[in-house]
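Examination of the molecular architecture
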Amino acid sequence: DWDDAVHKVVSFVHRCITCLVATDAPEIALRLFLQASLVIDRVEFSKRESMTYEFVSQALTLYEEGVSEARAQIDSMSLITSTLCQLRCFTDDNRNTLRTQCSRAAAHLLRKHDQSRAVAASAHLYWPLPILMRQNVKPSVMVSLTEKPVKTETVRECLEQLSESDLKVLRDGTAALACLDRAARLAQDCMDTTVKAQLFMNILNHAISLRLQNCLESDALC
């Protein structure tokens, strides 16, 4: 049965990544949880949403409890935000929970300028974009180009693109603007004028990016 087979594989992956947490490698485990969630999101099976949610929630838990170094926190938050922007399988409740959790975590970084950048980036969680499908991508150097390919079962992927009407339901321009506004207030608290200018330029870039994707609320900052 397809569902049982996928469930066993996903459970095995979860156990393997969890073992890394026990060996004091939380940053590697966090990255693997996020990478696995992207893969699970693309495979069609009955527990796709619950499994994807579990992997992302584990990554958020590791971020809060296992990543303490400032630079690693910034990198981890960037990965979490970009991953959530690409996931498509969530219902409203799960999506809103993860959005809120990610936005709160971004605002609790140690330094104000890091908080500002992370909160500004989280605005894109509330204005999802169509997934860009890359074409003519060169094969990996790890793939043999001489050996004959082995026939394997085709994975049932969910690569459906959301229509504009579907995206409209998922989008919340007011919440996106609130993130940018909060990022601006955090930037204002920075004492270094050079850093402050860079932060406001960063916020403006995010606002322009959202406006180009028809987020009219971002006009307030452009």
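In its Subcellular location (unreviewed entry) section, the UniProt record describing the protein chain reads: "Membrane". On record in UniProt, under Sequence similarities (unreviewed entry), the comment for the protein chain is "Belongs to the VPS35 family."

A count of helical and extended segments in the protein chain gives nine helices and zero strands. Across the 222 residues of the protein chain, 39% fall into the buried class. Long-range pairs, those at least 24 residues apart, make up 71% of the contacts in the protein chain with a sequence separation of at least 6. For the protein chain, the computed accessible surface area is about 13600 Å², with 55% contributed by carbon and sulfur atoms.

Here we come to the side chain of Gln-115. By the element assignment, Gln-115 lies in helix H6 (residues 112-121). Residues within four places of Gln-115 in sequence aside, it is in contact with Ala-106, Ala-107, His-108, Leu-109, Leu-110 and Leu-186.

Inspection of the secondary structure assignment puts Thr-81 in helix H4 (residues 70-86). According to the relative accessible area criterion, Thr-81 is buried, its value standing at 6%. At a separation of 2.9 Å, a polar atom in the side chain of Thr-81 contacts the main-chain carbonyl oxygen of Met-77. Not counting chain neighbours up to four residues away, the residues in contact with Thr-81 comprise Cys-102, Ala-121, Ser-122 and Leu-125.

The subject of this paragraph is the packing of helix H2 (residues 26-41) against H4. Where H2 contacts H4, the two axes come as close as 10 Å, and the packing angle between them is 5°. Taken together, the axes of H2 and H4 are roughly parallel relative to one another. Across the interface between the two elements, Glu-27, Leu-30, Arg-31, Leu-34, Ser-37, Leu-38 and Asp-41 of H2 pack against Ala-72, Asp-75, Ser-76, Leu-79, Ile-80, Thr-83 and Gln-86 of H4. Across the contact of H2 with H4, the residue classes break down as six nonpolar, four polar and four charged.

Helix length check: H4, at 17 residues, gives a terminal C-alpha distance of 25 Å against a target of 24 Å (1.5 Å per residue), a fit within 8%. Next to the buried residues of H4 lie H2, helix H3 (48-66), helix H5 (92-106) and H6. Capping the start of H4, Glu-69 holds a side-chain oxygen 3.1 Å from the backbone nitrogen of Arg-71, two or three residues further along.

Quick look at unusual backbone geometry now. Here Asp-24, not a glycine, exhibits a phi torsion of approximately 60°, which is positive. Residue placement: Asp-24 occurs in the loop between helix H1 (2-22) and H2. In the Ramachandran plot, Asn-214 falls in the positive-phi region, its phi being about 70° despite a non-glycine side chain. Structurally, Asn-214 is set in the segment after helix H9 (193-212). Judged by relative accessible area, which is 55%, Asn-214 ranks as exposed.

Here we take up the confidence of the model for the protein chain. Overall, the prediction assigns the protein chain a mean pLDDT of 84, with 83% of residues at 70 or greater. Note on residues 133-159: pLDDT under 50 across the span, and 18 contacts to partners over four residues away in sequence or across chains.

A full pass over the atoms with the stated rule returns five salt bridges. Where Arg-111 meets Asp-114, a salt bridge forms, and the shortest distance between an N and an O atom there is 2.8 Å. Arg-111 gets classed as partly exposed once you look at its relative accessible area, which sits at 37%. Between Asp-181 and Arg-185 there is a salt bridge, and its shortest N-O distance comes to 3.3 Å. One end of the pair is Asp-181 and the other is Arg-185, both in helix H8 (residues 173-188) and four residues apart, which spans about a single turn. Taking relative accessible area as the criterion, Asp-181 reaches 36% and is therefore assigned partly exposed.

About the cut-offs
- Residues numbered from 1 in each chain as written.
- Predicted model: local features only at pLDDT ≥ 70, side-chain atom pairs only at ≥ 80, totals over all residues.
- Heavy atoms only, no water.
- UniProt positions renumbered as here; feature names shortened; annotations may be inferred.
- Helix = DSSP H or I, 4+ residues; strand = E, 2+ residues; numbered from the N terminus.
- Buried < 20%, exposed > 50% of the residue type's maximum accessible area, 1.4 Å probe, protein only.
- Contact = heavy atoms within 4.5 Å.
- Areas by Shrake-Rupley, 256 points an atom, 1.4 Å probe, with all protein chains shown as cover.
- Polar contact = N/O pair within 3.5 Å; in protein donor to acceptor, adjacent residues only side chain to side chain.
- Axes fitted to C-alpha atoms, helices over the stretch in contact; angles between N-to-C directions.
- Parallel < 35°, antiparallel > 145°, perpendicular 65-115°, else oblique.
- Nonpolar A, V, L, I, M, F, W, Y, C, P; charged D, E, K, R; others polar.
- Expected span 1.5 Å × (residues − 1).
- pLDDT = per-residue confidence, 0-100.
- Salt bridge = Lys/Arg side-chain N within 4 Å of Asp/Glu carboxyl O.

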